[in-house]
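Take a look at the letters that make up each chain.
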Amino acid sequence: MESHSASVGVLVVGTGFIAAQHAAAIHAEPRLELLGVVDIDPGRAAAASRANGGVPWFTDLGAALAETGAGACVVCTPNDTHADLAVQVAEAGAHLLIEKPLATDVAGARRAAEAFARAGRVLMPAHSHRYYDYALTVRDVIRAGELGAVDLVRLSLLGGWIWPDWRGWMLDPARSGGHSLHNGVHLLDLVTWWTGDIPETVYARGRRQTAAELRVYDYLEMTVAFAGGAVAVCEMSRGHRPTSYARRDVLVSGSGGILTLPWDAEAGSVTDESGTALLPPGGTDGFATQIAAWADAVTGGPPAVTAEDGLLAVAMGVAAERSIAEGRPVPVAEVLKEAA
Ligand SMILES: NC(=O)c1ccc[n+]([C@@H]2O[C@H](COP(=O)([O-])OP(=O)(O)OC[C@H]3O[C@@H](n4cnc5c(N)ncnc54)[C@H](O)[C@@H]3O)[C@@H](O)[C@H]2O)c1
């Protein structure tokens, strides 16, 4: 019989939409074992227990940690709960994979990062897009020097499923942090990771595409200027019609060539002076790759995404929201300084 004696016990905290993908990834990762599920809503916690082989369920994280002896948590709760839950997990001496954004403001992100530094445990923000094939391909091509010095990144993620799936907290900027933090943060983190550069300013515009009554901008344009001179133009939409619409476009231009990655199973391409080469299509499960990277970190390896990465992504999201409100490019350093 298979032994789980060497595995790390994990709690999934928050059992809504995204938790099922994390639970499935945990079940498939031999170094991790799901010990329980936690949700303040007892009905959801019980349903998640049933969906996961009857693991114990709890409505209180402290009780769950004490009763199961779990050494790690995956937090999948609304964004405004992240900072406090992270500090609680750190103080209990457990490792953490926490959904993006790490917090809804820089002060919260810093509080979480500092709690984990004190505890000597792993805090990995779940910037899941980094583990998708498209993102890994772009990163590998840039890092291999195939494009030379990158001067422009264009990234669009267009979709239309804001209704009816979005629930109250996502539409409340005080709880989600606004759309720049809720979904924009995926793009802001990716373009920073791809370029490996320091983001200096974020200049953003927002549109309420689905309805004027929306309290968040379901369509975002965000331009990031990097210290090395590169610019990233990011477009994030959840307001397109029909609601089934989903499209991703990537273009990276550098001194030595251009990478394009269309939305579909086709391979991307790199064009340089010698012609066009196709990139191989991928097919891996981003959430499985992410949980394996976290298991690496929890068992002594370096974290694939650091607490500082999560904090920087939060600062960029805050800068984007502020830029929309004030109509000016917002220095990331300005946001970071305020909460120092
Ligand atoms: N990486 C991705 O692609 C991706 C996709 C969707 C959502 N997310 C992130 O995942 C998180 C959850 O999003 P969702 O769509 O699953 O939300 P959801 O509303 O479907 O689920 C959240 C759950 O958390 C529970 N909850 C609220 N406060 C809690 C607390 N203090 N302790 C325990 N449980 C609590 C709620 O009862 C609910 O069941 C968010 O941070 C979101 O940004 C990431």
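Residues numbered from 1 in each chain as written. Predicted model: local features only at pLDDT ≥ 70, side-chain atom pairs only at ≥ 80, totals over all residues.

A. Structural view of the overall build of the protein. Tallying secondary structure elements over the protein gives twelve helices and 15 strands in all. A compact globule built from 340 residues would reach a C-alpha radius of gyration of about 20 Å, and the protein, at 20 Å, matches this within 12%. Taking the principal axes of the C-alpha coordinates as reference, the protein spans close to 60 × 45 × 40 Å. Taking all 340 residues of the protein together, 46% fall into the buried category. If you take every contact in the protein between residues at least 6 apart in sequence, the share linking residues at least 24 apart comes to 70%. (Helix = DSSP H or I, 4+ residues; strand = E, 2+ residues; numbered from the N terminus. Rg over C-alpha atoms; globule rule 2.2 N^0.38 Å. Buried ≥ 20, exposed ≤ 12 C-beta atoms within 10 Å, placed from the backbone. Contact = placed C-beta atoms within 7 Å.)

B. View of the nonpolar core. Ranked by internal contacts, the top residues of the largest apolar core, which has 104 residues, are V10, L11, C73, L96 and A112. Each of two domains, domain 1 (8–127 + 289–305) and domain 2 (130–282 + 315–338), supplies a minimum of three residues to this core. Other than its neighbours up to four places away in sequence, L96 contacts A72, C73, V75, A86, V89, V122 and L123. (Core = buried A, V, L, I, M, F, W, Y, C linked by C-beta atoms within 7 Å. Domains from an automatic or database assignment.)

C. How the structure looks around the site of the ligand. G14, G16, F17, I18 and E99 are the nearest of the 23 residues found near the ligand. For the shell around the ligand, a count of residues per class yields nine nonpolar, eight polar and six charged. (Near = placed C-beta within 6 Å. Nonpolar A, V, L, I, M, F, W, Y, C, P; charged D, E, K, R; others polar.)

D. Quick peek at the sheet that holds strand β2 (residues 32–38). Taken together, the six strands give an open sheet; going across it, the order is β3-β2-β1-β4-β5-β6, and neighbouring strands pair in parallel fashion. Each having just a single partner strand, β3 (57–58) and β6 (123–126) make up the two edges of the open sheet. By the bridge criterion, two bridges tie β2 to β3 in an arrangement that is parallel. Across the sheet, V38 pairs through a bridge with F58, a residue of β3. Packed onto the sheet, helix α10 (residues 286–298) meets β1 (8–13), β2, β4 (72–75), β5 (95–99) and β6 and runs at close to 170 degrees relative to β6. (Pairing = 2+ DSSP bridges. Axes fitted to C-alpha atoms, helices over the stretch in contact; angles between N-to-C directions.)

E. Just the pairing of strand β8 (residues 199–207), in detail. Judged from the eight bridges that link them, β8 and strand β9 (residues 219–226) form a sheet pairing that is antiparallel. Bridged to Y203 within β9 is T223.

F. How the structure looks around helix α6 (residues 133–143). Residues of α6 that are buried: Y134, A135, T137, V138, V141 and I142. One side of α6 carries all its buried residues, which in axial view fall inside an arc of 160 degrees. Exposed positions of α6 whose direction lies more than 90 degrees from the buried face are D140 and R143. Taken together, the buried residues of α6 touch β7 (150–159), α9 (179–195), β11 (246–254), β12 (258–261) and β13 (269–272). Positive phi shows up at G145, right after α6, with a value of about 80 degrees. (Arc of directions from axis to C-beta.)

G. Focus on the sheet that holds β8. Pairing is mixed across the open sheet formed by nine strands, whose spatial order is β14-β13-β12-β11-β7-β10-β9-β8-β15. Two strands close off the open sheet at either side, each with one partner strand: β14 (275–278) and β15 (330–331). Relative to β11, β7 runs antiparallel, the two sharing nine bridges. Paired with S156 across the two strands is D249, which belongs to β11. Those strands touched by helix α11 (residues 307–326) are β8, β9 and β15, and its axis lies near 50 degrees from that of β8.

H. Molecular detail of the environment of C73. Here C73 shows up in strand β4. Remark: the alpha-carbon pair of C73 and R121, spanning 48 residues in sequence, is separated by 11 Å. Apart from the residues lying within four places of it in its own chain, the contact partners of C73 are V10, L11, V13, V89, A94 and L96.

I. Structural detail: the packing of helix α1 (residues 19–28) against α10. Two numbers describe how α1 lies on α10: the axes approach to 9 Å, and their chain directions differ by 60 degrees. Here α1 lies oblique to α10, going by the angle between them. Both α1 and α10 take part in a crossing whose hand is right-handed. Where α1 approaches α10, its residues Q21, H22, A25, I26 and A28 are matched on the opposing element by F287, A288, Q290 and I291. (Parallel < 35°, antiparallel > 145°, perpendicular 65-115°, else oblique. Left-handed = near helix turned anticlockwise from the far one by under 90°.)

J. Seen up close, the packing of helix α4 (residues 82–91) against helix α5 (residues 106–119). Here α4 crosses α5 at 5 degrees, and the two axes come no closer than 9 Å. Comparing their axes, α5 and α4 come out roughly parallel. Listed contacts from α5 to A83, A86, V87, A90 and E91 of α4 are G108, A109, R111, A112, A115, F116 and A119. Across the contact of α4 with α5, the residue classes tally to nine nonpolar, one polar and two charged.

K. The arrangement of the domain arrangement of the protein in detail. Domain parsing of the protein yields domain 1 (8–127 + 289–305) and domain 2 (130–282 + 315–338). The straight-line distance from the C-alpha centre of domain 1 to that of domain 2 is 26 Å. Each partner contributes residues to the interface: domain 1 has 13 residues there, and domain 2 has 17 residues. Element by element, the count of residues in the side of domain 1 that touches domain 2 is highest for α10, at three residues. Class assignment for the residues of the side of domain 1 that touches domain 2 results in five nonpolar, five polar and three charged.

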